[in-house]
Amino acid sequence: MEETITKESKWKKEEEEEAKIQIYKYVFGFAEAAVIKCAIELKIANVIESHGRPTMTLSQLSTALNCSPPLLFRIMRFLTHRGIFREETTPENLIAYSQTPLSHMLINVAPLLLLENSPEIVASWHNLSAKLKNSYNNNENSDLVVPFEVAHGKDIWSYGARNPGFNRMFNEGLGCNARVITLPAILENCGDIFNGVESLVDVGGGNGTTLSVLVKAFPWMKGINFDLPNVVSTSEKYDGVEHVGGNMLDFVPKADAAFFM
Ligand SMILES: C[S@@+](CC[C@H](N)C(=O)[O-])C[C@H]1O[C@@H](n2cnc3c(N)ncnc32)[C@H](O)[C@@H]1O
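Rules and cut-offs
- Residues numbered from 1 in each chain as written.
- Predicted model: local features only at pLDDT ≥ 70, side-chain atom pairs only at ≥ 80, totals over all residues.
- Heavy atoms only, no water.
- Helix = DSSP H or I, 4+ residues; strand = E, 2+ residues; numbered from the N terminus.
- Contact = heavy atoms within 4.5 Å.
- UniProt positions renumbered as here; feature names shortened; annotations may be inferred.
- Near = heavy atom within 4 Å.
- Polar contact = N/O pair within 3.5 Å; in protein donor to acceptor, adjacent residues only side chain to side chain.
- Areas by Shrake-Rupley, 256 points an atom, 1.4 Å probe, with all protein chains shown as cover.
- Nonpolar A, V, L, I, M, F, W, Y, C, P; charged D, E, K, R; others polar.
- Axes fitted to C-alpha atoms, helices over the stretch in contact; angles between N-to-C directions.
- Left-handed = near helix turned anticlockwise from the far one by under 90°.
- Phe/Tyr/Trp six-rings, centres within 6.5 Å; stacked < 30°, edge-to-face > 60°.
- Buried < 20%, exposed > 50% of the residue type's maximum accessible area, 1.4 Å probe, protein only.
- Lys NZ or Arg CZ within 6 Å of the ring centre and 35° of its normal.
- Pairing = 2+ DSSP bridges.
- Salt bridge = Lys/Arg side-chain N within 4 Å of Asp/Glu carboxyl O.

Turning our eyes to something else, we now look at the environment of glutamate 32. The residue glutamate 32 is located in helix 3 (residues 29-42) in this model. Each C-alpha atom of the pair glutamate 32 and arginine 82 lies 9.6 Å from the other, and the pair is 50 residues apart in sequence. When sequence neighbours within four positions are dropped, the list of residues in contact with glutamate 32 reads Phe78 and Arg82.

This part is about the UniProt feature "domain: O-methyltransferase C-terminal" (unreviewed entry) in the protein chain. As recorded in UniProt, the sites labelled "domain: O-methyltransferase C-terminal" (unreviewed entry) are residues 125-259. Split by type, residues 125-259 is 47% helix and 14% strand. Its first and last C-alpha atoms lie 29 Å apart.

Another aspect to go through is the site of the ligand. Trp157, Leu174, Gly204, Gly205, Gly206, Asp227, Leu228, Val231, Gly246, Asn247, Met248 and Met261 make up every residue found near the ligand. Interatomic distance of 2.8 Å between a backbone N/O atom of methionine 248 and a nitrogen atom of the ligand. Calculation on the ligand without its partners gives an accessible area of 590 Å², and the protein chains cover 83% of this total. Among the residues forming the shell around the ligand, the class breakdown is six nonpolar, five polar and one charged.

What follows covers the packing of helix 13 (residues 164-190) against helix 14 (residues 209-217). Two quantities define a packed helix pair, namely the angle between the helix axes and the distance between the axes. As a packed pair, helix 13 and helix 14 sit with axes 9 Å apart at the nearest point and diverge in direction by 35°. Crossing geometry of helix 13 relative to helix 14 is assigned as right-handed. Two secondary-structure elements touch here, helix 13 through Gly175, Ala178, Arg179, Leu183 and Leu187 and helix 14 through Thr209, Thr210, Val213, Leu214 and Ala217. Class assignment for the residues of the contact of helix 13 with helix 14 results in six nonpolar, three polar and one charged.

Looking now at the UniProt feature "domain: O-methyltransferase dimerisation" (unreviewed entry) in the protein chain. UniProt tags residues 25-107 as "domain: O-methyltransferase dimerisation" (unreviewed entry). The straight-line gap between the two end C-alpha atoms of residues 25-107 is 26 Å; of that span, 61% is helix and 12% is strand.

What follows deals with the packing of aromatic side chains. Within this structure, the stated rule accounts for eleven aromatic pairs. Ring geometry for phenylalanine 148 versus tyrosine 159: centroids 5.5 Å apart, planes at 85°, classification edge-to-face. Of this pair, phenylalanine 148 sits in helix 11 (residues 147-152) while tyrosine 159 sits in helix 12 (residues 156-162), placing them eleven residues apart in sequence. Take phenylalanine 148: its relative accessible area is 6%, and that puts it in the buried class. Relative to phenylalanine 166, the ring of phenylalanine 148 lies with its centre 6.0 Å away and its plane at 40°, an arrangement referred to as tilted. Here phenylalanine 148 is found in helix 11, whereas its partner phenylalanine 166 is found in helix 13, with 18 residues between them in sequence. Its relative accessible area of 3% is what places phenylalanine 166 among the buried residues. Here the aromatic residues Phe148, Trp157, Tyr159, Phe166 and Phe170 are joined through ring pairs into a cluster of three or more. Taking the ring centre of phenylalanine 78 as reference, the NZ or CZ of arginine 82 above it sits at 3.6 Å.

With that out of the way, let us pick up the sheet that holds strand 2 (residues 86-89). Taken in spatial order, the three strands make up an open sheet running 1-3-2, and their pairing is antiparallel. Each edge of the open sheet carries a strand with a single partner, namely strand 1 (56-57) and strand 2. Where strand 1 meets strand 3 (residues 95-98), two bridges bridge the pair, whose relative direction is antiparallel. Within the sheet, the bridge partner assigned to methionine 56 lies in strand 3 and is tyrosine 97. Strands in contact with helix 6 (residues 69-81) are strand 2 and strand 3; relative to strand 3, the strand with the most contacts, it is inclined by about 50°.

This next bit is on the pattern of salt bridges. Evaluated as defined, the whole model comprises five salt bridges. Glutamate 32 is paired through a salt bridge with arginine 82; the nearest N and O atoms lie 2.7 Å apart. Note that glutamate 32 is positioned in helix 3 and arginine 82 in the loop between helix 6 and strand 2, a separation of 50 residues in sequence. One salt bridge connects lysine 222 with glutamate 242, and the closest N-O pair in it is separated by 3.8 Å. Placement of lysine 222 in strand 5 (residues 222-227) and of glutamate 242 in strand 6 (residues 241-245) is noted, with a sequence separation of 20 residues between them. Residue classification places glutamate 242 among the partly exposed residues on the basis of a relative accessible area of 41%. Taken together, the shared-partner salt bridges in this structure form one network comprising Lys13, Glu17 and Lys20.

Looking at the element boundaries, leucine 114 is found in helix 7 (residues 101-116). In this structure leucine 114 comes out as partly exposed when scored by relative accessible area, which is 26%. Separated by 81 residues in sequence, leucine 114 and alanine 33 have C-alpha atoms that sit 9.6 Å apart. When sequence neighbours within four positions are dropped, the list of residues in contact with leucine 114 reads Lys37, Ile40, Glu41 and Met169.

So, in structure tokens, the structure goes:
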């Protein structure tokens, strides 16, 4: 007689109990990003950092942020549990907070976190299944499905051209990624690729952050930041960097070397 594998015989009781706990990670998975965004918008890390003392009591922090202490305490408890800020008790028995390496990073990477957790980008992720539907057998049509376009009805560059707020957030977010994460790694590990390069065009260079860092590191180099007209027209000016607007499919300004990131 064929053996029937029942649910009970297949899974151990502990595994099922663990699954009941784990599933809540996914039910409330969004909360992690939402609380980080809340901390950035309130500028909690900036306020603690500029307080001038290593710790700041809950009462001082609540006053500085104009937030209800019990509400702020709950947000801080969520964050400190994850190593974002440290909770301490003062000699007067008051709750106080200090910075950790992770909470300090919130200050530097705030633009990137705000971009990736923006309603526009999150809406793309909510359309991820559209990308996979009917993609069996490498269906060519599924290659054309872009979750951002499903969510917003247009590609991300056209959307940015029509939405100055998103355009700015996008360029600041990627500029932050370049400044804090990518460029330090490039400069530390392979900076010598720029030796002898007198002019460099950054194709799709966004708001010019990358070139602004590179021309400082290699002062003999002239930078040409090439991006869509709506991007460069609102970008900050940097010494040693010329902004050129255009479509890379039509032309790319001439230089000793081209950089794509
Ligand atoms: C992924 S972002 C990279 C930005 C920047 N290089 C970085 O790494 O932070 C791509 C960039 O290409 C630009 N871009 C997209 N299509 C373009 C086109 N046809 N011509 C010129 N730039 C374009 C976008 O505006 C955007 O700034």
